[in-house]
Amino acid sequence: MKQQNIEEQEGLYQVVQDRAYFEKQLKHCLEEKRHNEELFDLETEPELIEAHIYRRLSLECEYRYLLRQVKKSEKPQPRPKKWFAFG
C-alpha cells in the first residue's frame, strides 16, 4: 500500500523534458553564472570566495549538460534503413 502511494506521487511530478524545457533551464543557468561572477568579484572572505569557485564549477558542468541536451534535441532522429528483397 505504501509503495503504491509513493509511485503515484512520483508520477505526479514527472516533467516533460523537451527542447523548450532545456532552453529555459539553460537560460536560467547562464543567469546564475553571471550572478555568481558578480558575487565572486565582491567577496572578501576566503571561505566564501572558495564557495563561489565551487559553485561556478558546478554551474559550468550544468551548463555543458544542458547545452548537450539542447543540441541533441536539434538533431533529427536517424531513420531506420529499409531492406528490400528482389527476386
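Residues numbered from 1 in each chain as written. Predicted model: local features only at pLDDT ≥ 70, side-chain atom pairs only at ≥ 80, totals over all residues. Heavy atoms only, no water.

### Some remarks on the pattern of salt bridges
- Here the structure, examined in full by the defined rule, presents 2 salt bridges.
- Put simply, R19 and E23 hold a salt bridge, and the shortest N to O gap is 2.7 Å. Residue R19 and its partner E23 are both found in helix α2 (residues 19–42); the two are separated by 4 residues, about one turn of the helix.
- Overall, R19 belongs to the partly exposed group, its relative accessible area being 32%.
- With a closest N to O distance of 2.3 Å, R55 and E32 form a salt bridge. Of this pair, R55 sits in helix α3 (residues 46–74) while E32 sits in helix α2, and the two are 23 residues apart along the sequence.
- Since its relative accessible area comes to 34%, R55 is described here as partly exposed.
- Given the relative accessible area of 24%, E32 is considered partly exposed. (Salt bridge = Lys/Arg side-chain N within 4 Å of Asp/Glu carboxyl O. Helix = DSSP H or I, 4+ residues; strand = E, 2+ residues; numbered from the N terminus. Buried < 20%, exposed > 50% of the residue type's maximum accessible area, 1.4 Å probe, protein only.)

### Structural notes on the confidence of the model for the protein
- For the protein, mean pLDDT is 82; residues scoring 70 or higher make up 66% of the total.
- Taken element by element, the predicted model of the protein shows its lowest mean pLDDT in helix α1 (residues 2–12) (55) and its highest in α2 (95). (pLDDT = per-residue confidence, 0-100.)

### What to know about α2
- Given a rise of 1.5 Å per residue, 24 residues ought to cover 34 Å, and the 35 Å separating the end C-alpha atoms of α2 matches this to within 8%.
- Within the span of α2, buried status applies to F22, L26, C29, K33 and N36.
- Those residues of α2 that are buried are in contact with α3. (Expected span 1.5 Å × (residues − 1). Contact = heavy atoms within 4.5 Å.)

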